[in-house]
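# Examining the three-dimensional arrangement
So the chains spell out like this:
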Amino acid sequence: MSEHAAAMPVSADEERKGPEDEVAVDIVDMNKWFGDFHVLKNINLQVRRGERIVVCGPSGSGKSTMIRCINRLEEHQSGSIIVDGIELTDDLKRIDEIRREVGMVFQHFNLFPHLTILQNCTLAPIWVRRMPKREAEEVAMRYLERVQIPEQANKYPGQLSGGQQQRVAIARALCMNPRIMLFDEPTSALDPEMIKEVLDVMVGLANEGMTMMVVTHEMGFARQVADRVVFMDAGQIIEQNKPEEFFNSPQHERTKLFLSQIL
Ligand code: ADP
Ligand code: MG
């Protein structure tokens, strides 16, 4: 598994990179409310191109909401979010532009159950990128090979294991050639024996230089690939540090408590 995952190509086009887009995601003084509930409080977070960020924190701390704000699955109310140089506003054109650059993988895979694996992978490239069907299928098969399930291409999601479905979800996101990948607890709905096959794919992606923000409690993954671990609690970023410092000398009491509970 790992050697195939490691062979995964860089999805962002080299020629699209440049010094001016050094910062992939820039969140400044961002706040979000659900009604009266202040769910994200003054979030400041910068993700550089090629950086791998792991986000962790107790359940309900706002991790999913923060990640979902980045591709406008949730709307923020103040401050700014700039993705790949494009500021997220109500402008639908900008939202589409950003969504084209940002791949998202969810806890529950979110594959279309009535479409085959191949159709799941070609849908967005055909309809959003206007890619010819044949080409979209070639691209999809390439990524399905990279995640080691080309033989499943004509099956339906319900016929696959959880680990296989999550690998399809990753392949599907990669088919759009995203510059940034967001993962929201991609392994937490999986049986233990399937976690590794998904993490291996993610490690391969990280090794190829993909910019990644990963909400996970897989601290082995964090130690192995994260450039930075961000700890959230009650809607705030409490601290962030390189994995070694984060795990060996957490600064905040709340971080210590959290780590003592999960490690
Ligand atoms: P996490 O991913 O860290 O577990 P979430 O971002 O899912 O946290 O949720 C943060 C808080 O916001 C929780 O208290 C949750 O109940 C609340 N919340 C999440 N989504 C909604 C929503 N659509 N409407 C109202 N409250 C929400
Ligand atoms: Mg969550």
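Refer to the structure presented above.
Note that the structure is a prediction, hence the values are computed from the model and not measured. (Residues numbered from 1 in each chain as written. Chains lettered and ligands numbered in written order. Predicted model: local features only at pLDDT ≥ 70, side-chain atom pairs only at ≥ 80, totals over all residues. Heavy atoms only, no water.)

### Observations regarding the pairing of strand β1 (residues 23-34)
Alignment of β1 against strand β2 (residues 37-48), held across eight bridges, turns out to be antiparallel. Bridging across to β2, V23 finds its partner in R48. Connecting β1 to the antiparallel partner β2 that follows it, the hairpin turn spans two residues, and G35 within it adopts a positive phi of roughly 60°. (Pairing = 2+ DSSP bridges. Helix = DSSP H or I, 4+ residues; strand = E, 2+ residues; numbered from the N terminus.)

### Some details on the pattern of salt bridges
Scanning the model with the defined rule gives 13 salt bridges in all. Between K133 and E137 there is a salt bridge; the shortest N-O distance is 3.5 Å. Within this pair, K133 and its partner E137 are both found in helix α5 (residues 133-146), separated by four residues, close to a single helical turn. Across the pair D233 and R254 runs a salt bridge, and its minimum N-O distance is 3.2 Å. Of this pair, D233 sits in strand β9 (residues 228-233) while R254 sits in helix α10 (residues 253-262); the two residues are 21 residues apart in sequence, bridging distant segments of the chain. Residue class for R254 comes out partly exposed when judged on its relative accessible area of 32%. (Salt bridge = Lys/Arg side-chain N within 4 Å of Asp/Glu carboxyl O. Buried < 20%, exposed > 50% of the residue type's maximum accessible area, 1.4 Å probe, protein only.)

### Remarks on the state of the cysteines
Inspection of every chain in the model, using the stated rule, returns zero disulfides. Of all cysteine sulfurs in the structure, the one in C69 sits closest to C56, which takes part in no disulfide; the separation is 19 Å. (Disulfide = S-S within 2.5 Å.)

### Focus on the site of ligand 1
In the neighbourhood of ligand 1, the contacting residues comprise F34, F37, V39, P58, S59, G60, S61, G62, K63, S64 and T65. One of the backbone N or O atoms of G60 is found 2.7 Å from an oxygen atom in ligand 1. In the environment of ligand 1, an oxygen atom lies 2.8 Å from a nitrogen or oxygen atom belonging to the side chain of S64. Taken together, the elements giving at least two residues each to the shell around ligand 1 come down to β2 and α2 (63-70). Ranked by residue count, the leading element in the shell around ligand 1 is α2, at three residues. Residues belonging to the shell around ligand 1 are distributed by class as follows: four nonpolar, six polar and one charged. (Near = heavy atom within 4 Å. Polar contact = N/O pair within 3.5 Å; in protein donor to acceptor, adjacent residues only side chain to side chain. Nonpolar A, V, L, I, M, F, W, Y, C, P; charged D, E, K, R; others polar.)

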